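# Structure assessment
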Amino acid sequence: MRNSQAFFKDVLGEINKIEKIPEQGCTSEVSMIVTEDNTYILKSAFKERYREWLKMEAEVLESLSFQSSISVPRFYGFTEDEHASHLLMSFEEGITLTAALRNAVTNQEKRRLIRSFGQFIMQLHEQEHVFKADSDWLETQLKRARIYAESGQADGSLELLEQLIANKPKRVKQTMIHGDCTTDNVLVIDGEVRMFIDVAGMTFGDPRYDEALAIRKFRHNPEWLASFYEGYSRHRVTDEEFSYFEEGLYEFF
Ligand SMILES: Nc1ncnc2c1ncn2[C@@H]1O[C@H](COP(=O)(O)OP(=O)(O)O)[C@@H](O)[C@H]1O
Ligand SMILES: [Mg+2]
């Protein structure tokens, strides 16, 4: 394992400025680094579980480095030391969809953004799969959920987990998925949803998980929901599927 400081010196050279960005996530500390030739985002994690997720994110970004059909930040490196893990990626000029919806003045503008979100997710779900198929994505998630629940690291209880195991939804065709597809984890660039961030969970899996997390904030707004499905026209989760994924599985992550 290389020392983080040496790593940064090697990759970045002279740093002109480093500052925490105003919009932070909940698993990491995010800073912007400006050097002579480039601007970067540094995402650092300190807790064991979040360090594990950051490593997964680094692996996803690295494996997507040589393609352009799934839009994600460019990978520059990952390093770990005793107390922290750090992921270095490109800084992208954009704001999260959550922020864009907050800033949008008219309802029409909000609906356009939501439609674009639907379209963007649909493109991912219709992608030729870039990653090897996981044997059974849901099975893997339920196993991970158990580990988190048993070690007290999840909101969901073991009782809820047993219910999820006993009531798995009928299988659908698996696709490439984002795996934490909320309005916080996509960037809006020039008025359109154009990039996925926070991609630790991106893999070949159940697209209903993305769909459920995508609509969670506006599921009860019929107009907005309709806009989403104008963009995402391939499938529509049922109430049972929504609650399995959003109120069930998501409680463990
Ligand atoms: N490559 C990037 N370019 C610009 N801003 C970014 C980038 N990656 C993350 N951000 C900003 O940092 C925030 C937190 O990042 P995120 O990866 O979602 O962290 P967390 O895992 O803690 O949720 C995002 O909401 C976004 O505002
Ligand atoms: Mg996030």
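The structure this text deals with has already been given above.
A brief structural summary. (Residues numbered from 1 in each chain as written. Chains lettered and ligands numbered in written order. Predicted model: local features only at pLDDT ≥ 70, side-chain atom pairs only at ≥ 80, totals over all residues. Heavy atoms only, no water.)

Around ligand 1 there are 19 residues in total, and Thr27, Ser28, Lys43, Ser90 and Asp198 lie nearest to it. A distance of 2.8 Å separates an oxygen atom of ligand 1 from a polar atom in the side chain of Thr27. Side-chain polar atom of Lys43 to an oxygen atom of ligand 1: 2.7 Å apart, as the coordinates give it. Coverage of ligand 1 by the protein chains reaches 93% of its 550 Å² of free accessible surface. Elements with a minimum of two residues in the shell around ligand 1: strand S3 (39-45) and strand S5 (85-90). When the residues that make up the shell around ligand 1 are grouped by side-chain class, the tally is eight nonpolar, six polar and five charged. Two domains each donate at least three residues to the shell around ligand 1, and these are domain 1 (4-90) and domain 2 (95-252). (Near = heavy atom within 4 Å. Polar contact = N/O pair within 3.5 Å; in protein donor to acceptor, adjacent residues only side chain to side chain. Areas by Shrake-Rupley, 256 points an atom, 1.4 Å probe, with all protein chains shown as cover. Helix = DSSP H or I, 4+ residues; strand = E, 2+ residues; numbered from the N terminus. Nonpolar A, V, L, I, M, F, W, Y, C, P; charged D, E, K, R; others polar. Domains from an automatic or database assignment.)

Here we come to the coordination of the magnesium ion (ligand 2). For the magnesium ion (ligand 2), the full set of protein donor atoms is Asn185 (OD1) and Asp198 (OD), and the range of their distances to it is 2.1 to 2.3 Å. Of the two residues, Asn185 is situated in the loop between strand S7 (175-177) and strand S8 (186-189) and Asp198 in the loop between strand S9 (192-196) and strand S10 (203-205); the sequence distance between them amounts to 13 residues. A residue is classified by how much of its surface remains accessible, and Asn185, at 6% relative accessible area, is buried. Classification of Asp198 as partly exposed rests on a relative accessible area of 24%. (Donors = N, O, S within 2.8 Å, 3.2 Å for Na, K, Ca; no water. Buried < 20%, exposed > 50% of the residue type's maximum accessible area, 1.4 Å probe, protein only.)

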